[in-house]
Amino acid sequence: MEYWNPKAETMPRQELEAWQWRKLQRALRHARAHSPFWRERLPEEITSLEDYARRVPLLYKSDLLAAEQQAPPYGTWPSIDPVRGVRHHQTSGTSGNPPVRTIDTMGDWTWSVDTFCTSLHAMGVRPHHKGMVAFGYGLFMGFWGMHYALERMGCTVVPAGGLDSRTRIRLLVDYGIEVVGLTPSYAMRLIETAREMGIDLAEEANVKIILAGAEPRSKFTTRTIEEAFGARVFNAAGTTEFGGVFMFECPARRGACHIIESSVIEEVLHPETKQPVGYGEEGVRVTTGLSREGMQLFRHWTEDLVVRQPWSACGCGRTWDFYDGGIIRRVDDMRKIRGVSVTPVMVEDVVRAFDEVSEFTTSVRSVRGLDTVFIEVEPRTVPGGDLTTLTRRIAEEFKREIGIRPEVRLAPEGSLPRQEWKAARFRDERVLVSQH
């Protein structure tokens, strides 16, 4: 097994924890000395990792937004003079909240790119590969780090930020690109576009490794992407608030997303009691960054639900623990519908299982006082498919798997939106009504 950072990735756990403690002490000193925001929140004389987890309050996104509003654009949060920053990024704002804005020094960006290198190398990316990031480069940090990581690793990078889907398909085929980074939603869009062009990606392209990140995906979406491209789909995740990648999927065990513990301390807490949960139990990620100089995070409540497992359960030789299945879902994605907890990924698991579905959207509305799920599906003709019974079969499967019978309707061909960024397929209109 090869590693990008052999010492960090295979360090004995006792040494790793001692290293984390030293890095945390340095990060705390820097934050107290340079950030007005953290000077007010961090207690003095923290004596251990356990003392840190007990005494430092949880940090919520609302805290960061409030700090920014005091002195826009970055507020009292930064631990540097923003003039030292070489990059500005901000969160996508897809949740409806204002974006969180961040600034990075050259050292921060060097570290951020290295977290991508660690992830890509683990997935099998090597210097002889050609890579494409099929992503509209902009203010969101997203796949920027992947582009720079491919360059640092010695790969040939084909820029595809401002291109349409057909041009990207042609580049994939003509240049024999082996590594692709995109969102799962946009991967589905490329599959659909290739089909319209009469191109069999598995036969005519040369893609070997796909990093499909930035949004949760169902098992059926993963299977569809892998079969269509003839490639292995990997998971990785990072956040703008953290500034880099914090986990990546290991090829040695499907779904094992190792935490980059040389750069982060991760706690998993019960979503209601906020108390630690053990290995194998579902809880919310609480993250502390150890390597970023400009915008520091201490005990950030992420809303990400995960199940942590010990490093030894993977067998790849890394001593970093992992999240089984990566981010399972987000706490704020959960919706109660007629007493049943429903998430967008649960809906996608059901709908994507039907090959006749090209695209879909879901909405929840109150109809005569009864919460009702509406699913619009854009169909396509497939061998052996039966469009005449499609809506009934989806409704029955939804009822069987989730416990609610939805209203399923067919949408005209090409009428539903396609996006290269995070797809917004789930809309709770009850929330909109209650806000007016």
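Residues numbered from 1 in each chain as written. Predicted model: local features only at pLDDT ≥ 70, side-chain atom pairs only at ≥ 80, totals over all residues. Heavy atoms only, no water.

Colleague: What is the right way to look at the overall build of the protein in this model?
Modeller: In terms of regular secondary structure, the protein is built from 14 helices and 21 strands. Radius of gyration (C-alpha) of the protein: 22 Å, near the 22 Å computed for a compact globule of 436 residues. Viewed in the frame of its principal axes, the protein has a C-alpha envelope of about 70 × 55 × 45 Å. Expressed as a percentage of the 436 residues in the protein, the buried residues total 54%. (Helix = DSSP H or I, 4+ residues; strand = E, 2+ residues; numbered from the N terminus. Rg over C-alpha atoms; globule rule 2.2 N^0.38 Å. Buried < 20%, exposed > 50% of the residue type's maximum accessible area, 1.4 Å probe, protein only.)

Colleague: Help me out: how do you make sense of the nonpolar core in this one?
Modeller: In a soluble, globular protein the nonpolar side chains are often hidden away together inside. Judged by nonpolar contacts, the single largest core of 37 residues is most densely connected at L24, W38, W77 and F298. Contributions of two or more residues to this core are made by α2 (13-34), α3 (36-41), α5 (61-70), β9 (244-249), β10 (256-259) and β11 (264-269). Within the second largest apolar cluster, 32 residues are counted, among which are V113, M123, F140 and W144. (Core = buried A, V, L, I, M, F, W, Y, C linked by side-chain atoms within 4.5 Å.)

Colleague: I would appreciate a short explanation of a positive patch on the surface in the present structure.
Modeller: A cluster of basic side chains, namely K7, R22, R26 and R29, defines a positive patch on the protein surface. Top element by residues in the positive patch is α2. It accounts for three residues. When you line up the elements, K7 lands in helix α1 (residues 6-10). For K7, a relative accessible area of 68% puts it in the exposed group. (Patch = residues over 30% accessible without salt bridge, like charges linked within 9 Å, V, L, I, M, F, W, Y side chains within 5 Å. Areas by Shrake-Rupley, 256 points an atom, 1.4 Å probe, with all protein chains shown as cover. Salt bridge = Lys/Arg side-chain N within 4 Å of Asp/Glu carboxyl O. Lys, Arg positive; Asp, Glu negative; His and termini not counted. Charge placed at Lys NZ, Arg CZ, Asp CG, Glu CD.)

Colleague: Got a minute to help me understand the confidence of the model for the protein in this structure?
Modeller: Regions with low pLDDT should not have their predicted coordinates read in detail. Mean pLDDT for the protein: 90, with 94% of residues reaching 70 or above. Scored below 50 in pLDDT, residues 432-436 shows one contact in the model against residues more than four places distant or in partner chains. (pLDDT = per-residue confidence, 0-100. Contact = heavy atoms within 4.5 Å.)

Colleague: What is the right way to look at the sheet that holds strand β19 (residues 370-379) in this model?
Modeller: Paired through their backbone hydrogen bonds, the strands of a sheet run either parallel or antiparallel. Taken together, four strands build an open sheet; the order of strands is β20-β19-β18-β21 and the sheet is mixed. Each edge of the sheet is formed by a strand with only one pairing partner; in this case those strands are β20 (407-410) and β21 (426-428). Going across the sheet, the axis of each strand differs from the next one's by a mean of 15°, ignoring polarity. The sheet contact formed by strand β18 (residues 357-367) and β21 spans three bridges and is parallel. Note that in β21 the partner of S363 across the bridge is R427. Where helix α12 (residues 344-351) meets the sheet, it contacts β18, β19 and β21, and its direction lies at approximately 130° from that of β18. Contacts from helix α13 (residues 390-402) reach β18, β19 and β20, with the element oriented near 150° to β20. (Pairing = 2+ DSSP bridges. Axes fitted to C-alpha atoms, helices over the stretch in contact; angles between N-to-C directions.)

Colleague: When you look at unusual backbone geometry in this model, what are you seeing that I'm missing?
Modeller: Among all residues save glycine, negative phi is the norm, and among peptide bonds the norm is trans. Residue P73 is bonded to the preceding P72 through a cis peptide linkage, with omega at 5°. Examined against the element boundaries, P73 turns out to sit in the loop between α5 and β1 (87-90). Phi is positive for E45, which is not a glycine, with a value near 55°. You can see E45 is positioned in the loop between α3 and α4 (49-55). Judged by relative accessible area, which is 68%, E45 ranks as exposed. For E303, which is not glycine, the phi dihedral falls at a positive 75°. By the element assignment, E303 lies in strand β13 (residues 300-309).

Colleague: Help me understand the packing of helix α6 (residues 106-123) against helix α7 (residues 144-152), please; the structure alone is not making it clear to me.
Modeller: Helix-helix packing is characterised by the crossing angle of the two axes and by the distance between the axes. Taken N-terminus to C-terminus, the directions of α6 and α7 make an angle of 75°; their axes are 8 Å apart at the nearest point. As the angle between them shows, α6 and α7 are arranged roughly perpendicular. Residue-level contacts link W109, T110, V113, D114, F116, C117 and L120 of α6 to W144, G145, M146, Y148, A149, L150 and R152 of α7. Of the residues assigned to the contact of α6 with α7, the class counts are ten nonpolar, two polar and two charged. (Parallel < 35°, antiparallel > 145°, perpendicular 65-115°, else oblique. Nonpolar A, V, L, I, M, F, W, Y, C, P; charged D, E, K, R; others polar.)

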